[in-house]
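Chains, contacts and geometry: an overview
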Amino acid sequence: MNNNRSIIRDLFIELTERCNNDCAHCYINLPENDAASQDKELSTDEWKHIITEAADLGVLNICFTGGEPFLREDFKELYYFTRKLGIKTIIYTNACLITPEFAEFLAVYPPLEKIEVTVYGMHRKSYEAVSRVPGSFDMYLRGINLLREKKVPFVVKSALLPYNKSEIDEFETLADTIPWMNSLPVYAMFFDLRARRDDTEKNEFIKKLRVSPEDGIKFLARNKEKYLKAQKEYFSKVMCSRNKKIFFCGAGHGGGCVDAYGMLQLCLMLRHPDTVYDLRKGTLKDGVVNFFPIIRERESENTEYLKRCAGCFLRGFCVQCPAKSWMEHGDLDTPVEYLCEIAHAQARYLNLVKEGEKAWEVADWQDRINRFTNE
Ligand code: SF4
Ligand code: SF4
């Protein structure tokens, strides 16, 4: 019997940070021809070694992402290698680099999970205002049409930006025509800052593209009944854990993410140097079994965190986490004001906090949750 079975269930593989697009809101992209980044990327053999170890540890799903994963010249080789090991694959892509020959390849060796294509706009003007690459709209359109034609299952998702927000209905009409869509498309809108903390100017720009907490709630609750039902379900199951720990999410449980240069991360976003493990010097098993649990046990000494998040009944509902603190503040636990405001705006909408109240000061939170879930 293989004792390694089930040590890892899901693995994200970020093949490259480079991208053929240059999206206005992107947290990671580097130019397509960034030689310094390309030189540091793992080789084909290094990736195969990691994928083989993941298979030995029982991995069920591997998600190839980027940047744009199809930029890697060895994508097909790595993908085929993964599929031959019997691993289900998921691909996150902008679809721009899908050629007829590549679509045929995907039709012959389907990924077993639907490909996820992000759509940045319904028209050339809006799409290219986001992607900032002339010609990218036509390339994306060709890509999804080829997938459709070859019957390669895919779904679409979007990023809600000032350039395309008037096109939601059109986008959802498109989504409706895709046979593999079985729910409404998902949208990114509370954008992350640069995950490498490498571009302060772009960070300022990303902040301007973010929706306000109030507009975000209006959008999330546009189908009020469905939204309330989902929130009631969430709050009826949630246990409020008040403690000093900085991790209360699933990061590093049953998986992780390998970046383009072989650093193992607890999740796709968390790149704080103290939390990553170099796979060029160690093994996936050591990273997941020995390194991750030490990181996950960390407790906060940050007075703001201890005053607020450590005692906040919205913790878990709010998306504040170590990765977000890293991207905004360069540490693991300084609360992110924007996320705090979003959580409060939602909680006000749900009548869980009152105007002017702070969630960490609410003493009767359990009664309020009970009232809300039983309404
Ligand atoms: S297509 Fe994706 S990875 Fe590329 S720049 Fe846009 S958001 Fe970033
Ligand atoms: S709502 Fe604010 S205080 Fe509560 S967990 Fe989120 S960031 Fe922390």
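Up top you'll find the structure we're talking about.
In short, a report on the structure.

Thresholds, definitions, all that
- Residues numbered from 1 in each chain as written.
- Chains lettered and ligands numbered in written order.
- Predicted model: local features only at pLDDT ≥ 70, side-chain atom pairs only at ≥ 80, totals over all residues.
- Heavy atoms only, no water.
- Near = heavy atom within 4 Å.
- 1 Å grid on protein atoms, 1.4 Å probe; cavity = no way out; pocket = protein on both sides within 12 Å on 5 of 7 lines; lining within 4 Å.
- Sits in = over half its atoms within 2 Å of the grid points.
- Nonpolar A, V, L, I, M, F, W, Y, C, P; charged D, E, K, R; others polar.
- Points joined across faces, edges and corners; volume = space filled by probe spheres on them.
- Phe/Tyr/Trp six-rings, centres within 6.5 Å; stacked < 30°, edge-to-face > 60°.
- Buried < 20%, exposed > 50% of the residue type's maximum accessible area, 1.4 Å probe, protein only.
- Helix = DSSP H or I, 4+ residues; strand = E, 2+ residues; numbered from the N terminus.

Attention shifts here to the site of ligand 2. Around ligand 2, a shell composed of Arg308, Cys309, Cys312, Arg315, Cys318, Gln320, Cys340, Ala343, His344 and Trp360 is seen. When atoms are counted within 2 Å of each cavity's grid points, the one that captures over half of ligand 2 is the largest cavity. Broken down by class, the residue content of the shell around ligand 2 amounts to six nonpolar, two polar and two charged.

Let's shift gears to empty space enclosed by the protein. Counted under the stated rule, the structure contains two cavities of 30 Å³ or more. Cys309, Cys312, Cys318, Gln320 and Cys340 are, among the 16 residues lining the largest cavity, the residues nearest its centre. When grouped by side-chain class, the residues that make up the lining of the largest cavity number 11 nonpolar, three polar and two charged. Estimates place the volume of the second largest cavity at around 70 Å³. Forming the boundary of the second largest cavity are Val119, Tyr120, Gly121, Met122, Ser158, Leu160, Asn164, Glu167, Ile168, Phe171 and Tyr187. For the lining of the second largest cavity, the per-class residue count stands at seven nonpolar, three polar and one charged.

Moving on: the packing of aromatic side chains. Within this structure, the stated rule accounts for 26 aromatic pairs. Aromatic side chains Phe105 and Tyr109 sit 5.3 Å apart centroid to centroid with 55° between the ring planes, which places their arrangement in the tilted category. You can call Phe105 buried: its relative accessible area is 12%. The exposure class assigned to Tyr109 is partly exposed, which follows from its relative accessible area of 33%. Consider the rings of Tyr187 and Phe219, whose centres lie 5.0 Å apart with planes at 90°: the pair is edge-to-face. Here Phe219 lies in helix H9 (residues 213–220) and Tyr187 lies in strand S8 (residues 187–188), a separation of 32 residues in the sequence.

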